[in-house]
Amino acid sequence: MTVEESPRDRFRRFVRTVLSHWNGGSGAGHDADRARQVYQSSTMGALIDGVYEGDASVAQLLRHGDFGLGTFNRLDGEMLVLDGVCYHLRADGSAEVAAPGDLSPFAAMTWFSADTTREVASPTTRSELTAVIDGMVRSPNLIYAIKITGHFGEVRTRTVHKQEPPYPPLTEAAEGQAETTFTDVAGTLAGYRTPDYEQGISVAGYHLHFIDNAHERGGHCLDFRLDHGTIALTERSELHLSMPTTEQFLSSDLTPSNLADQIRQAEGG
């Protein structure tokens, strides 16, 4: 029996096809070195200082991976990339496919291929599940891409509203964030477990974004309870850091004395 595609699914397939041509058909199989790395555009320190305009487009980011997260220019919502499709998670909790030309001031991308998986059969809190992942990793000094798929009893998210210049620091922008709680929902949590020594370059510890299975709702994850599902990890030992050359980035103070505290406050940690 043939199942007819919905208009949304046809559009997603169209975007994947277009981006594959924009990317020159590049992928992990064509470049073994890139397959081992996380490609990151700008730094969390820059976001903390209010550098909300970058010069990396969605199409350019997708040349460096099929999995990742970040944000959009002017801090207009959250970014989540799954299976080569970039989703724009908005402040009202909705999600849509991002345009190839949309720009980002911060993003981290990789090619996802699970090295390790583990099933979760009973209700598990965020702290319990991150403890499980801590026991799965080979070393806390490497980067791990994380994909958690399953049924969630609850996922609490936040998304910062679009900002206007002159831009406030991220800690101030986050004070006006919109929070959404999803209950009894099937979906995916995706992001990274990053070493503590990368704080300021990235977000040390766990940084996860959520999207439901219909790809219609999501946001930056603050807390969750997984009823049952699967944890998949990809180990990465290389970081490619690409700096923007915008005037705002070049003139910013990226080394404030309380950077780690500001990141924890802004990320809800």
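None of the values given here were measured: they were computed from a predicted structure.

Parameters at a glance
- Residues numbered from 1 in each chain as written.
- Predicted model: local features only at pLDDT ≥ 70, side-chain atom pairs only at ≥ 80, totals over all residues.
- Heavy atoms only, no water.
- Helix = DSSP H or I, 4+ residues; strand = E, 2+ residues; numbered from the N terminus.
- Contact = heavy atoms within 4.5 Å.
- Areas by Shrake-Rupley, 256 points an atom, 1.4 Å probe, with all protein chains shown as cover.
- Buried < 20%, exposed > 50% of the residue type's maximum accessible area, 1.4 Å probe, protein only.
- Arc of directions from axis to C-beta.
- Pairing = 2+ DSSP bridges.
- Axes fitted to C-alpha atoms, helices over the stretch in contact; angles between N-to-C directions.
- Core = buried A, V, L, I, M, F, W, Y, C linked by side-chain atoms within 4.5 Å.
- Polar contact = N/O pair within 3.5 Å; in protein donor to acceptor, adjacent residues only side chain to side chain.
- pLDDT = per-residue confidence, 0-100.
- Salt bridge = Lys/Arg side-chain N within 4 Å of Asp/Glu carboxyl O.

This part is about the overall build of the protein. From N to C terminus, the protein includes 8 helices and 15 strands. Of the contacts formed within the protein by residues at least 6 apart in sequence, a portion of 78% connects residues at least 24 apart. Counting every atom, the protein has about 11,900 Å² of accessible surface; 48% of that belongs to carbon and sulfur.

With that settled, consider helix 8 (residues 259–267). Those residues of helix 8 not exposed but buried are Leu259, Gln262, Ile263, Ala266 and Glu267. Projected down its long axis, helix 8 carries its buried residues within an arc of 120 degrees, all on one side. Looking at the packing, one finds that the buried side of helix 8 touches helix 3 (44–48), strand 11 (143–159), helix 6 (170–173), strand 13 (205–212) and strand 14 (218–236). Positive backbone phi, at 80 degrees, marks Gly268, one or two positions downstream of helix 8.

So, on to helix 5 (residues 126–136). Residues of helix 5 that are buried: Arg126, Leu129, Thr130, Ile133 and Met136. Taken around the axis of helix 5, the buried residues stretch over an arc of 105 degrees, which confines them to a single face. The outward face of helix 5, more than 90 degrees from its buried face, is lined by the exposed residues Ser127 and Gly135. Taken together, the buried residues of helix 5 touch strand 9 (116–120), strand 10 (124–125), strand 11, strand 12 (178–194), strand 13 and strand 14.

This part takes up the sheet that holds strand 3 (residues 67–71). The strand order across the open sheet formed by 7 strands is 6-5-4-3-8-1-15, and the pairing between neighbours is mixed. Bordering the open sheet on either side are strand 6 (95–97) and strand 15 (238–242), each of which pairs with just one other strand. Shown here is a sheet whose adjacent strand axes are inclined to one another by a mean of 20 degrees, direction ignored. With 5 bridges connecting them, strand 4 (residues 78–82) and strand 5 (residues 85–89) associate as antiparallel partners. Bridge assignment links Leu82 to a residue of strand 5, and that residue is Val85.

This part covers the nonpolar core. Counting residues in hydrophobic clusters, the biggest one holds 22 residues, and the most contacted among them are Leu129, Ile133, Ile148, Phe152, Leu189 and Phe224. At the level of secondary structure, the elements contributing two or more residues to this core comprise helix 5, strand 11, strand 12, strand 13 and strand 14. Beyond its immediate chain neighbours, meaning those up to four positions away, Phe224 contacts Thr124, Thr125, Arg126, Leu129, Phe152, Glu154, Val155, Leu189 and Leu208. Grouped together as the second largest cluster of nonpolar side chains are 18 residues, Val38, Val85, Tyr87 and Ile211 included.

Looking at the secondary structure, you find Arg193 in strand 12. Under the relative-accessibility criterion, Arg193 is labelled buried at 12%. For Arg193, the side chain forms a polar contact with the side chain of Tyr206, separated by 3.2 Å.

The next thing to look at is the confidence of the model for the protein. Mean pLDDT over the protein: 89, with 87% of residues reaching 70 or higher. Contacts of residues 17–30 to residues separated by more than four positions or lying in other chains number 19 contacts, the stretch itself having pLDDT below 50.

Our next topic: unusual backbone geometry. Following Pro165, the chain continues to Pro166 via a peptide bond in cis, the omega torsion being 0 degrees. Along the chain, the position of Pro166 falls in the loop between strand 11 and helix 6. Even without being a glycine, Asp83 presents a positive backbone phi close to 50 degrees. Within the element layout of this structure, Asp83 appears in the loop between strand 4 and strand 5. For Asp83, a relative accessible area of 56% corresponds to the exposed category.

We now examine the pattern of salt bridges. Pairing between side chains of opposite charge can happen when the charged atoms of each approach one another. Here the structure, examined in full by the defined rule, presents 13 salt bridges. Lys147 is paired through a salt bridge with Asp83; the nearest N and O atoms lie 3.9 Å apart. Of this pair, Lys147 sits in strand 11 while Asp83 sits in the loop between strand 4 and strand 5, and the two are 64 residues apart along the sequence. For Lys147, a relative accessible area of 17% puts it in the buried group. Sharing partners across several salt bridges, the network here consists of Asp76, Arg90 and Glu96.

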